[in-house]
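Below, each chain spelled out in residue letters.
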Amino acid sequence: MSKIVVVTSGKGGVGKTTTSAAFATGLAMKGYKTAVIDFDVGLRNLDLIMGCERRVVYDFVNVINGEATLRQALIKDKRIENLYVLAASQTRDKDALSQEGVKRVLDDLKADGFDFIICDSPAGIEKGAHLAMFYADEALVVTNPEVSSVRDSDRILGLLSSKTHRAANDEPCIKEHLVLTRYSPSRVETGEMLSVEDVQDILAIPLLGVIPESTAVLNASNQGAPVILDNESDAGQAYDDLIERFLGKDVEFRFVDNKKKGFFGRMFGS
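Here's a quick rundown of the structure.

A word on the pairing of strand 8 (residues 207–212)
Logical step 1: Buried residues dominate strand 8, accounting for six of its six residues.
Logical step 2: For strand 7 (residues 175–183) and strand 8, the ladder comprises four bridges, and the chain directions are parallel. Within strand 8, the residue paired with Val179 across the bridge is Gly209.

Here you go:
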């Protein structure tokens, strides 16, 4: 049975599209047929991170408007079997999306046998964000360990519980997961950012992943490769752990404690 997962956040720039790309790629690497859709009409970025920007001929809006078929618009990833990308339009505005059109595309993906459909939501609470979450079964709420980001994520939780198809039809609530990005234990110790426990106390939803602050994320984005493909990096390993937890495995959280330097590290500063 297909499952629709929205990756959402209240604030922009928290690593939401990075998470969408890594999450979709990780699921496909586990053997699940996965599609990831960019809902950020006008500000298309997912295709850049996925490394398929030059292969975009038709987009999400073209499919909704009947200007292209879903098969024409879906871009098959060249690296990972079972992974497909549906890009957003750069030339339309948010009103180009409709609730009926989004439902039709999601239903067609389900009919095509996709196990997971990942909706990469725009930040904020405007139309694109509402449509990205409206038909979701589960949600990854992405936040940074800072007060403004966490506060905005709290507002998103309110929308997930009240402004979705499940809420309107008195169905079971969307299953929510917390993804904490750009986390630095050393900065937590100095009081520059909130701790994992602080964020959990405020948002009160289950923690799915803690992604460390890492240059590997920027490097991967610049190369057009989801960071989860860099299995030597701390961020790539953290996203792989996240996938395992999402699929039901009990995986210990790494990268949440500051590594203490040994004797020679303290002596030589390495």
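With respect to the packing of helix 1 (residues 16–29) against helix 12 (residues 234–246)
Logical step 1: Contact geometry of helix 1 with helix 12 gives a least axis separation of 9 Å together with a crossing angle of 60°. The pairing of helix 1 with helix 12 is recorded here as oblique in orientation. As for the relative orientation of helix 1 and helix 12, their crossing is right-handed in sense. Contacts between helix 1 and helix 12 involve Thr18, Thr19, Ala22, Phe23, Gly26 and Leu27 from the former and Tyr239, Leu242, Ile243 and Phe246 from the latter.

What to know about the packing of helix 7 (residues 147–162) against helix 10 (residues 196–203)
Logical step 1: Put simply, helix 7 and helix 10 touch, their axes get as near as 10 Å, and they point 35° apart. Judged by the sense of rotation from one axis to the other, the crossing of helix 7 with helix 10 is right-handed. Residues Val150, Ser153, Asp154 and Leu157 of helix 7 touch helix 10, and the partners they reach there are Val199, Ile202 and Leu203.
Logical step 2: Per-class residue counts for the contact of helix 7 with helix 10 are five nonpolar, one polar and one charged.

Quick look at the packing of aromatic side chains
Logical step 1: Scanning the model with the defined rule gives six aromatic pairs in all.
Logical step 2: Residues Phe23 and Phe246 carry aromatic rings whose centres are separated by 4.9 Å and whose planes lie at 85° to one another, so their mutual orientation is edge-to-face. Within this pair, whereas Phe23 is found in helix 1, its partner Phe246 is found in helix 12, the two being separated by 223 residues in sequence.
Logical step 3: On the basis of relative accessibility, which here comes to 0%, the residue Phe23 falls in the buried class.
Logical step 4: Arranged with centres 5.3 Å apart and planes meeting at 75°, the rings of Tyr32 and Phe116 form a pair that is edge-to-face. Of the two residues, Tyr32 sits in the loop between helix 1 and strand 2 (34–38) while Phe116 sits in strand 5 (residues 116–120), which places them 84 residues apart along the sequence.

What counts and what doesn't
- Residues numbered from 1 in each chain as written.
- Predicted model: local features only at pLDDT ≥ 70, side-chain atom pairs only at ≥ 80, totals over all residues.
- Heavy atoms only, no water.
- Buried < 20%, exposed > 50% of the residue type's maximum accessible area, 1.4 Å probe, protein only.
- Helix = DSSP H or I, 4+ residues; strand = E, 2+ residues; numbered from the N terminus.
- Pairing = 2+ DSSP bridges.
- Axes fitted to C-alpha atoms, helices over the stretch in contact; angles between N-to-C directions.
- Parallel < 35°, antiparallel > 145°, perpendicular 65-115°, else oblique.
- Left-handed = near helix turned anticlockwise from the far one by under 90°.
- Contact = heavy atoms within 4.5 Å.
- Nonpolar A, V, L, I, M, F, W, Y, C, P; charged D, E, K, R; others polar.
- Phe/Tyr/Trp six-rings, centres within 6.5 Å; stacked < 30°, edge-to-face > 60°.

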